[in-house]
Amino acid sequence: MFLIILFNYILFNSESLNFIKKSYLLLYSYIFVVMNLLIIGSGAREHAFAWKIFNSNHEVNLFITNFNPGAIEIAKSLSIDVNNFSEIKRSIIKHNIKMVLVGPEIPLINGIYDYIKNDIEISDVNVIGPSKRGAQLEGSKEFAKLFMTRNDIPTAAYKSFNKSSIDDAILFLKNNTPPYVLKADGPAAGKGVIIVDNVKDAIRNLKEMLIDSKFGSSSNKVVIEEFLNGIEMSCFVLFDGINYKILPYAKDYKRIGEGDKGLNTGGMGSVSPVNFLDINLKDKIKNQIVIPTINGLIKENIDYVGFIFIGLINVDGFPKVIEYNVRMGDPETQVVFPRIENDFMEILNACCNQSLDKIDLKFKSEYYTNVVLASGGYPEKYDKGFEISGLENVKDSIIFHAGTALISNKIVTNGGRVLSIVSSDKDMNKALKKSYANIENINFDGKIFRKDIGFDL
Ligand code: AMP
Ligand code: GLY
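Residues numbered from 1 in each chain as written. Chains lettered and ligands numbered in written order. Predicted model: local features only at pLDDT ≥ 70, side-chain atom pairs only at ≥ 80, totals over all residues. Heavy atoms only, no water.

Q: Explanation requested: the environment of tyrosine 436 in the structure shown.
A: With respect to the helices and strands, tyrosine 436 occurs in helix 14 (residues 428-441). What makes tyrosine 436 buried here is its relative accessible area of 18%. Considered as a pair, tyrosine 436 and asparagine 370 are 66 residues apart in the sequence and their alpha carbons are 9.6 Å apart. In contact with tyrosine 436, other than residues within four places in its own chain, are Val371, Phe449, Arg450, Lys451, Asp452 and Ile453. Within polar-contact distance, the side chain of tyrosine 436 engages the backbone nitrogen of aspartate 452 at 3.5 Å. (Helix = DSSP H or I, 4+ residues; strand = E, 2+ residues; numbered from the N terminus. Buried < 20%, exposed > 50% of the residue type's maximum accessible area, 1.4 Å probe, protein only. Contact = heavy atoms within 4.5 Å. Polar contact = N/O pair within 3.5 Å; in protein donor to acceptor, adjacent residues only side chain to side chain.)

Below is the structure:
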């Protein structure tokens, strides 16, 4: 054993043996205790997963789907279509993967958990992510609404309609007051919620969704709900099927324009902690929302191991649920995970062993702020392939990559959201200043970002 440790030590401290090192690690993992873990997804959230796992004291051989140059030093990229489950299975077997951590919602909604658990060749693999039925909390707005109604969880009043009940839907809109909130029932890449302030636009959008299939089959059904006025925040819960832990709260800035104006995006920045969240509000969230959600999942026999992201709105001191997501948030993960002091592999292992209750979670009290750099034109049409310069000059911030690629040894833009610039300080404004100072030094053609992250806190 001593010789093995000595051999490992020499090998892992040698910079020149990259290929040998990687091959050896793979071989070693078959024989000894190194866990091979696959992260599904390739954005800044998944880079943050990889970063957190890399900082664990456990030996983990990390794989990540579809190249993200940010994670190049810490994970091996596998080129996989994340919705092609037989491809995922082949990779699980080939690389002896023992744990799969799922980032985005679509593979979960499509049933990756059930696929793995029902296949005898890979059913022993731990999946951090809920079953297909659990993922309906995000996959169907109506499912989520019915779940909340059954479990007495505060949310906006609603009614749902389909093509055959469109006349009732129009009447319902006419009898209500603006603003009107229309939601495609199914997943629509964050675009399925439409809020308009006059009934004419509401009816036009309703028809586009139900009759013209604006969001494909996702808008075969439309949920029309009460408009909630208040400040939004994100609550993250990790659930092992029996026990749960609430992770740090965060706030996300979804609109493209300053002052929260303009089109919705994937998220242009985030902050954690959320300073207006006092003990009283946290208690209400825990007692009125988190606990009933957990109890509901258990009571309804919904297989669920993984993250629950509860989008909340604080209406005059009364927290209400605007949506469930069955995964971590992006760009929130980039500020939530660095605040968790515990070894992340211990948390994930506890989650798989249903022993989360044994984990004493500790969070850093500092503020973490994330400013997202995006491509000009985003969230609409944008160009890609612009060289990103200045990354080597970054000081005092963590950079998580989202839409980047490595081409001819140069890092170039490769998506709408390009980089997350994450900084920390006891003072939120000082943390933001660090992110903005680094942003001055990072350049690419068309670079855009919001200058007012945290403006409302
Ligand atoms: P969702 O995709 O459900 O997160 O909705 C996108 C955004 O629409 C949310 O982040 C809110 O800003 C807004 N939204 C959704 N539902 C409501 C509601 N009932 N009242 C007010 N705003 C809402
Ligand atoms: N931050 C919003 C999301 O991840 O859906």
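Q: Just checking my understanding: could you explain the nonpolar core for this structure?
A: Looking at soluble globular proteins, one finds that nonpolar side chains tend to be buried together. Core analysis: the biggest nonpolar cluster contains 48 residues, and Val100, Leu137, Ile285, Ile308, Ile310 and Tyr324 have the highest contact counts within it. In terms of residues, this core owes the most to one element, helix 11 (residues 279-299), which gives 6 residues. Here isoleucine 308 is in contact with Cys235, Phe236, Val237, Phe239, Ile294, Leu297, Tyr324 and Asn325, once residues within four sequence places are set aside. Residues Ile74, Val335, Leu348 and Ala350 belong to the second largest nonpolar core, which totals 43 residues. (Core = buried A, V, L, I, M, F, W, Y, C linked by side-chain atoms within 4.5 Å.)

Q: Is there a simple way to think about unusual backbone geometry in this case?
A: Working note: non-glycine residues mostly have negative phi, and peptide bonds are mostly trans. Note that the residue after serine 272, namely proline 273, is joined by a cis bond; omega there is 0°. Here proline 273 is to be found in the loop between strand 15 (269-272) and helix 11. Omega for the bond connecting tyrosine 378 with proline 379 falls within 30 degrees of zero, at 10°, which places this linkage in the cis form. Considering the arrangement of structural elements, one finds proline 379 in the loop between strand 18 (367-374) and strand 19 (398-401). Phi at serine 213 is positive, roughly 50°, even though this residue is not glycine. Residue position: serine 213 is located in the loop between helix 10 (199-210) and strand 9 (221-225). The exposure class of serine 213 is partly exposed, given its relative accessible area of 34%.

Q: Explanation requested: the site of ligand 2 in the structure shown.
A: Around ligand 2, the neighbouring residues are Asp252, Lys254, Phe309, Arg327, Gly329, Asp330, Pro331 and Glu332. Between arginine 327 and ligand 2, the recorded distance is 2.8 Å, taken from a side-chain N or O atom to an oxygen atom. Here an oxygen atom of ligand 2 and a backbone polar atom of aspartate 330 are 3.0 Å apart. Here the residues of the shell around ligand 2 sort into 2 nonpolar, 1 polar and 5 charged. (Near = heavy atom within 4 Å. Nonpolar A, V, L, I, M, F, W, Y, C, P; charged D, E, K, R; others polar.)

Q: Where do I start with the sheet that holds strand 10 (residues 231-239) in this structure?
A: Strand pairing in a sheet relies on backbone hydrogen bonds, with the paired strands running either antiparallel or parallel. Read from one edge to the other, the open sheet built from 4 strands follows the order 11-10-16-17, with strand pairing classed as antiparallel. Strands with a single pairing partner mark the edges of an open sheet, and in this sheet they are strand 11 (244-246) and strand 17 (318-325). Taken pair by pair, the neighbouring strands of this sheet meet at an average axis angle of 30°, ignoring direction. As paired strands, strand 10 and strand 16 (residues 306-315) are joined by 9 bridges and run antiparallel to one another. (Pairing = 2+ DSSP bridges. Axes fitted to C-alpha atoms, helices over the stretch in contact; angles between N-to-C directions.)

Q: How should the pairing of strand 14 (residues 261-264) be read in this particular structure?
A: For a regular strand, the rule is simple: side chains alternate between the two faces of the sheet. Of the strand pairs in this sheet, strand 13 (residues 255-257) and strand 14 are connected by 2 bridges, and their pairing is antiparallel. Along strand 14, the bridge assignment pairs glycine 257 with lysine 261.

Q: Just to check I follow, could you spell out the packing of aromatic side chains for this structure?
A: Describing an aromatic ring pair means giving the distance of the ring centres and the angle of the ring planes. Counted by the stated rule, this structure contains 13 aromatic pairs. Relative to phenylalanine 309, the ring of phenylalanine 236 has its centre 4.7 Å away and its plane inclined at 50°; by these criteria the two rings are tilted. Taken together, the positions of phenylalanine 236 in strand 10 and phenylalanine 309 in strand 16 put the pair 73 residues apart, joining distant regions of the chain. With respect to class, phenylalanine 236 is no different from phenylalanine 309; both count as buried. (Phe/Tyr/Trp six-rings, centres within 6.5 Å; stacked < 30°, edge-to-face > 60°.)

Q: How should I be thinking about the side chain of serine 423 in this particular structure?
A: When you line up the elements, serine 423 lands in strand 22 (residues 417-425). Separated by 2.7 Å, the side chains of serine 423 and serine 397 make a polar contact. Apart from the residues within four sequence positions on either side, serine 423 is in contact with Tyr367, Tyr368, Thr369, Asp396, Ser397, Ala431, Lys434 and Ser435.

Q: Can you help me understand helix 9 (residues 166-174) in this one?
A: At 3.6 residues per turn, the α-helix brings residues three or four places apart onto the same side. Listed as buried for helix 9 are Ile166, Ala169, Ile170 and Leu173. End-on, the buried residues of helix 9 take up no more than an arc of 100°, which puts them together on one face. Counted as exposed and oriented over 90 degrees from the buried face of helix 9: Asp167 and Lys174. On the buried face of helix 9, the contacting elements are strand 6 (158-162), strand 7 (180-184), helix 10 and strand 9. (Arc of directions from axis to C-beta.)

Q: Please explain the site of ligand 1 as it appears in this structure.
A: Of all residues adjacent to ligand 1, which total 13 residues, the nearest are Glu225, Glu226, Leu228, Glu232 and Glu323. A distance of 2.3 Å separates an oxygen atom of ligand 1 from a polar side-chain atom of glutamate 232. A distance of 3.0 Å is found between an oxygen atom of ligand 1 and a side-chain nitrogen or oxygen belonging to lysine 254. Isolated, ligand 1 exposes 470 Å² of accessible area, and the fraction of that covered by the protein chains is 91%. (Areas by Shrake-Rupley, 256 points an atom, 1.4 Å probe, with all protein chains shown as cover.)

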